[in-house]
Amino acid sequence: MTPLPKPSIDTGLGLERMASVIQGTKTNFKTDLIYPIIRRTEALAEKPYGSSEADDVAMKVIADHSRAAAFLIGDGVLPSNEGRGYVLRRIMRRAMRHAHLLGAKDPVMNRLVPALVQQMGAAYPELGQGQRLIEETLLNEEVRFKQTLDRGLKLLDEELSHLPEGAALPGQAAFKLYDTFGFPLDLTQDALREQGRSVDTAGFDA
């Protein structure tokens, strides 16, 4: 074994990674903690896991973020524009964008909740107790955000079509997406990062 460059620190061996070692899987996502949720995502997206790298990434994000969002809502956190509610909203919206990339026509996240409750409800009874609220919160947010996402991504594509290859998105364009269409900066950055682009954040702030 290769000695660590900075020994005697936290190894990051959480529950999922420990399960991955014990179950002999290459990633956390193939363990019995997460894979059943990915299988449910497969069924909803009508695409097999393993068919393409982009689709696999999308399914992993959806499964992981749906699980995180469900636990937060079960703990009493609701989506909002500030504090922990905003963290939840960002997690949810990232998963929703990946559902859009998968080509899902209908909301996905709320329909993953039963699989999560079946998976972890015995250890975390608050999931079962709050299942209805979790499902309704995810559904309402996804329905509302889908309209924002469709409009915002269309406008983003139009803005990028006028720019040289790899050029940063002007801050004014990013601000228009945010101010006029409710498309948050972090989501614009997330979408552009996958294309190797960035946003002129100084221009956005100005």
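As a starting point, this report considers the structure included with it. The structure displayed is predicted, hence computed values, not measured ones.

The final tally for this structure, using the stated rule, is 10 salt bridges. Measuring nitrogen to oxygen at the nearest pair gives 3.4 Å for the salt bridge that ties D186 to R90. Remark: R90 occurs in helix α4 (residues 83–102) and D186 occurs in helix α9 (residues 185–193); sequence separation between them is 96 residues. Between R97 and D190 there is a salt bridge, with its nearest N and O atoms 3.5 Å apart. One end of the pair, R97, is in helix α4; the other, D190, is in helix α9, and 93 residues separate them in sequence. Among the residues examined, R97 registers a relative accessible area of 2% and is labelled buried. A relative accessible area of 9% places D190 in the buried class. Here the residues in one salt-bridge network are R94, R97, D190 and R193, joined through shared partners.

Before going further, it helps to spend a moment on helix α2 (residues 35–45). Each full turn of the α-helix corresponds to 3.6 residues, which orients residues three or four apart in the same direction. Burial in α2 covers these residues: I37, I38, T41, E42, L44 and A45. Buried residues in α2 make contact with α3 (53–74), α4 and α5 (113–120). Positive backbone phi, at 55°, marks E46, one or two positions downstream of α2.

Membership of the largest hydrophobic core comes to 51 residues, with the highest contact counts inside it found for L127, L138, L156 and L169. For this core, the elements supplying multiple residues, two or more each, are α2, α3, α4, α5, α7 (131–161), α8 (171–181) and α9. Beyond its immediate sequence surroundings of up to four residues, L169 is in contact with L156, E159, L160, L163, A174, L177, T188, L192, S198, V199 and D200.

Here we take up the side chain of E142. As for its placement among the helices and strands, E142 is situated in helix α7. Here E142 is buried and forms no salt bridge, its nearest opposite-charge partner R111 lying at an N-O distance of 7.4 Å. In terms of polar contacts, E142 uses its side chain to reach the backbone amide nitrogen of M109, at 3.1 Å.

Reading guide: rules and limits
- Residues numbered from 1 in each chain as written.
- Predicted model: local features only at pLDDT ≥ 70, side-chain atom pairs only at ≥ 80, totals over all residues.
- Heavy atoms only, no water.
- Salt bridge = Lys/Arg side-chain N within 4 Å of Asp/Glu carboxyl O.
- Helix = DSSP H or I, 4+ residues; strand = E, 2+ residues; numbered from the N terminus.
- Buried < 20%, exposed > 50% of the residue type's maximum accessible area, 1.4 Å probe, protein only.
- Contact = heavy atoms within 4.5 Å.
- Core = buried A, V, L, I, M, F, W, Y, C linked by side-chain atoms within 4.5 Å.
- Lys, Arg positive; Asp, Glu negative; His and termini not counted.
- Polar contact = N/O pair within 3.5 Å; in protein donor to acceptor, adjacent residues only side chain to side chain.

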